[in-house]
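If you want the building blocks of each chain, they are given just below.
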Amino acid sequence: MAMDIEKILSTLTIDEKISLLSGDGDWHTSNCNGKVPAIMMTDGPHGLRKVESEKVGDITGSNPATCFPTASAVACSWDPEVAKKMANAIANEAKREKVSIVLGCGTNIKRSPLCGRNFEYFSEDPFLTGKMAASYIKEVQNEGVGTSLKHFAANSQETRRMTSNSQVDERALREIYLPAFEEAVKEGKPATVMCSYNRTNGEFGSRNKHLLTDILRNEWGFDGAVVSDWGATNDVVKCYRNGLTLEMPDCKGYHKKVLKKAYEAGEISDEELNTWAGNVLRCFSTLSEKAPECKPFSFEDHETIAREIEDECAVLLKNDNVLPIEKEKKLIIIGDMAVNMRFQGGGSSHINPTHKPNAVRAFEEEGFFVKHLKGYLSEIDTIDEKTENSAIELLKENYEKGNTKVLFFMGLTDSYEGEGYDRKNINLPFNQIHLLRKVSELVDKKDLAAITFGGAPMDFDFEEKVGAVLHMYLGGQAVDKAVVDLVSGKVNPSGKLAETMPYSVSDTPAYRYFGLDNDDVEYRESIFVGYRYYETFNVPVKYPFGYGLSYTDFEYSDLKVKDSYENGELTVSFKVKNIGNVAGKEVAELYVINPKENFIRSAIELKGFKKVYLNPGEEKEVEIKLSERSFSVFDVSKNKFTVIEGEYEIAVGGNIKDLPLRKKISIKGEKYFRDEEKLFPDYFKENKRGMEISKEQFEGLYGRKLGNDKDRKRGDYTICCSFDDVTRKSLFGLIIRGVVSLVIKLMFKGKPKNSPEMKMVRMGLFEGNLEGLISVSGGAISPKLANMLVYNANRKYFKAIKTIFEK
Ligand code: BGC
């Protein structure tokens, strides 16, 4: 029965209507004293994190659920059907747990490989990201469960995530950071969109009218709810006015008081309040009516699904005839990571898995004869001599050239990447690299393969020491079995990189402007993110975008491009043939090579892809449809995407560096003239290699002056500044800072210094903005304390004292 919203509103008091606008506790919407149905939402995205007890920092105590591969792995399948399969299983687990909204999926673009949360995001490319996200959302919602597309938008780093200001020019915003959200909104129709913590071009995600109203609702036609990231709201009246629907979590009653005061002062009209409360009823309470029954399933079935998904995602980066390995061979497995496997990331997406993977056990179960040597300890970076020496001794005793295969398990550990903190470099732990060097001196390369783990690019320089590299990403709880499937050849690897693996962090486009000790972040690389930068500016990379090997080979032929659009679509077809001896899947990738222009434009862009299964000798025709968007740029002066006329080239193949099929095509469209040579001079240089854009040049492109938080003076501090910044500025602040540090130390007593939970809580508190911390610090930062800290930082001591006595 449809809910009569007008009727319900007429029964609610002002306080009840206000209470609808914030959550009730951490995960529920308000039930208005039992008058309306409340719903529950939980994280997401690669499994369910349903927390029964609402405890701050409690990221491990959720109900058991299947942990699927994280988004950075799933994207490497290059198959929206894989995202769909995972979404279906997660939705069913959500139904069993009576959860109405799964908070996902993460759809931010990987601006830099260093972002600590990259494992939760799909790709550096908006086209691929959009297709995966839309498929995930559609399927969760087909099953009757809502989703929350996050984090909208330009949320590219964890450093200062609650106060940072992404200063990004409008074209980069529209062509890089927003299209995946656009695709996900238009195709997937998510029930909710989660706004990000950060500011974009000066305004916080929760009250950014340009993003929430002008673009999301008016341009893209989104009519669902915008929910705040947890603690992302400040200046709430402005938030609701600019497009926010629901604040999460409940802000410990503080914002209710602010709203009530504003209502009583006549700053909020009854009409406005009814609209806002009505939106919550329409978007959330109705979900509780829709939720269908869950289909019977077992966790074992879901683990099989997780395994099948990971089988499609792992990327074979190197193979000099080392893999696959026959069962008859003796197997030596080296590395702590083979038993204490890394299969998910830390933070709000941390799942309490129903099974803990162990590759040694999985190989044994499959009939392999295995010797495991621990070699290093995952929780530290330094060499544990006893562990290392004993591994080397046993290796000497057990390794028999040609008759033994050695698998070296390695990768980024939990303290390297996780929610709330970024990396500074792409290094691997020293103890692992040290041991690998020693192992490679003893073992023939033809017998040695590295099995790698991590949610983001790492330094693959070690590759020279091994004969094969199989990259598992963060492969979910069945990653152990997937390793066996792929190493044994039971499954032929078919994943391809959804991001570029650079040689070094200094080669990456944003590295000078990423994760700095400054709220104001400059996106000087503009549209040149990921491969768009490496390809346009001729920067060599370790492994290119779209790269991945197989145990077979594929041949491309017969490219046909229709020479005119039909109904806004341009059809491209070609053939792919399996020319090897085993069956396999190939991801065929289609790129558009753009004409050289008098304005900046990426040399090449991904515009289509298709994964095909082929038996040995089999050939299939693949058809991909291009649209006007495939040849468009965002014309800032017209505020719309425009097809640019010119000579383009369609290029098809197995990765961005290997595109054997090419066809030139002349596209009719608009002429576009923007003399950007002065704004982006490096782009126009012949034989360019890398780029350097000055502040002034970028300001020209950005169209306004760049902010710099270092210019902040006394008097400029507000409740929206970070705890870290504000507490440095007064004696009172320094004392509170000391107390908070001590409490954190006590909370994590006995845990290693670099434990990801401690890092997340510490960064969360210190880098949280004060108003947000009222919601998410578990009461540690009260509204009074927040205001007193701000007054002290601004040297308004009298006001600070007065605050103590205010109600
Ligand atoms: C994260 C979100 C998450 C939310 C609830 C936030 O800190 O940024 O992705 O959904 O917490 O756990």
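What this report covers is the structure whose coordinates are included nearby. (Residues numbered from 1 in each chain as written. Predicted model: local features only at pLDDT ≥ 70, side-chain atom pairs only at ≥ 80, totals over all residues. Heavy atoms only, no water.)

### Some remarks on unusual backbone geometry
Stated formally: Only DSSP runs of H or I reaching four residues or more are called helices, and only runs of E reaching two or more are called strands; each is numbered from the N terminus.
Residue C105 is reached from G104 by a cis peptide bond, and omega for that bond is 10°. Here C105 shows up in the loop between β4 (101–103) and α5 (126–142). Cis geometry is adopted by the peptide bond preceding P324, which originates at L323 and carries an omega value of -5°. Tracing the backbone through its elements, the reader meets P324 in the loop between β11 (315–319) and β12 (330–334). Of note in the backbone geometry, N201 takes a positive phi value of approximately 45° without being a glycine. One can find N201 in the loop between β8 (199–200) and β9 (203–204). With a phi angle near 60°, R795 is a residue other than glycine that sits in the positive phi range. Along the chain, R795 falls in the loop between α24 (783–793) and α25 (797–805).

### What to know about the environment of F599
Using the following cut-off: Remark: exposure states derive from per-residue accessible area (1.4 Å probe, protein chains only) relative to the maximum for the residue type, with buried under 20%, exposed over 50%, and partly exposed in between. We call two residues contacting when some pair of their heavy atoms lies within 4.5 Å.
Within the secondary structure, F599 sits in the loop between β20 (584–593) and β21 (604–614). Overall, F599 belongs to the buried group, its relative accessible area being 0%. The spatial distance from the C-alpha of F599 to the C-alpha of E676 is 5.2 Å, given a sequence separation of 77 residues. Not counting residues up to four positions away in its chain, the partners in contact with F599 are R171, V633, I644, Y672, R674, E676, Y683 and F684.

### Let's talk about the layout of surface pockets
Put simply, the rule reads: Site definitions follow a grid-based scheme: protein atoms alone, a 1 Å grid, a 1.4 Å probe that fits but cannot get out for cavities, and for pockets an open set with protein on both sides within 12 Å along at least five of seven lines, plus lining residues having an atom within 4 Å of a point. Grid points are joined across faces, edges and corners, and a volume is the space filled by probe spheres set on the points. Under the convention adopted here, Pro, Cys and the residues Ala, Val, Leu, Ile, Met, Phe, Trp and Tyr are nonpolar, Asp, Glu, Lys and Arg are charged, and Gly plus all remaining residues are polar.
Considering only enclosed or pocket space, the largest pocket measures out at about 1,100 Å³ in volume. If you trace the largest pocket, you find 39 residues lining it, with F127, G130, K131, E183 and K607 closest to the centre. Contributing elements (two or more residues each) for the lining of the largest pocket: α4 (80–96), α5, α7 (179–188), β21 and β22 (619–627). The element that contributes the greatest number of residues to the lining of the largest pocket is α5, accounting for nine residues. Its residues assigned to classes, the lining of the largest pocket shows twelve nonpolar, seven polar and 20 charged.

### A closer look at a nonpolar patch on the surface
Rule in force here: Only residues whose relative accessible area exceeds 30% and that form no salt bridge enter a patch; like-charged residues are grouped when within 9 Å of one another, and nonpolar side chains (Val, Leu, Ile, Met, Phe, Trp, Tyr) when within 5 Å. Methods summary: accessible areas were calculated by the Shrake-Rupley approach with a probe of 1.4 Å, and residue burial reflects only the protein chains presented. Salt bridge criterion: a side-chain nitrogen from Lys or Arg within 4 Å of a carboxyl oxygen from Asp or Glu.
Taken together, the side chains of L731, I735, V739, V743 and M747 define a hydrophobic patch exposed on the protein surface, amounting to about 490 Å² of accessible area. With respect to the element layout, M747 can be found in helix α21 (residues 731–747). According to the relative accessible area criterion, M747 is partly exposed, its value standing at 48%.

### Side note on the site of the ligand
Filter applied, for reference: By convention in these notes, a residue is near a molecule or strand provided one of its non-hydrogen atoms lies within 4 Å of it. By the criterion applied in these results, polar contacts are pairs of N or O atoms within 3.5 Å in which, for protein atoms, one can donate a hydrogen and the other can accept it, and in which residues neighboring in sequence qualify only through two side-chain atoms.
Near the ligand you find 14 residues, and of these D43, R117, H151, Y197 and D229 are the closest. In this structure, D43 approaches the ligand through a side-chain N or O atom, which is 2.5 Å from an oxygen atom. At 2.8 Å, a side-chain N or O of Y197 approaches an oxygen atom of the ligand. Looking at side-chain class alone, the shell around the ligand contains five nonpolar, two polar and seven charged residues.

### Notes on the pattern of salt bridges
Throughout the structure, instances matching the rule amount to 70 salt bridges. Close ionic contact of E264 with K260 constitutes a salt bridge, the shortest N to O distance being 3.8 Å. Placement of both E264 and K260 in helix α10 (residues 254–264) is noted, with a separation of four residues, approximately one turn of the helix. For E264, a relative accessible area of 58% corresponds to the exposed category.

### Some words on the side chain of E182
Among the structural elements, E182 can be located in helix α7. Overall, E182 belongs to the buried group, its relative accessible area being 9%. A polar contact is formed between the side chain of E182 and the side chain of K186, at a distance of 2.8 Å. Ignoring sequence-local partners within four residues, the contact set of E182 consists of W220, R629 and F641.

### Remarks on the sheet that holds β21
The criterion, for reference: By the convention used here, strands pair only if DSSP detects at least 2 bridges between them. For helices, the fitted axis covers only the stretch in contact; all axes are lines through C-alpha atoms, and the angles between them, taken along N-to-C directions, range from 0 to 180 degrees.
Read across the open sheet, the four strands follow the order β21-β20-β25-β26; overall the sheet is antiparallel. The sheet is open, and its two edges are formed by β21 and β26 (661–667), each paired on a single side. Taking each pair of neighbouring strands and ignoring which way they run, the sheet shows an average axis angle of 20°. Across ten bridges, β20 lies against β21 in antiparallel orientation.

### Overview of the sheet that holds strand β16 (residues 468–471)
Strand order in the open sheet formed by six strands is β11-β16-β15-β14-β12-β13, with mixed pairing between adjacent strands. Single-partner strands in this sheet number two, and they are β11 and β13 (370–373). Averaged over all pairs of adjacent strands, the angle between their axes in this sheet comes to 20°, without regard to strand direction. Of the pairings in the sheet, the one linking strand β15 (residues 448–453) to β16 comprises four bridges and is parallel in character.

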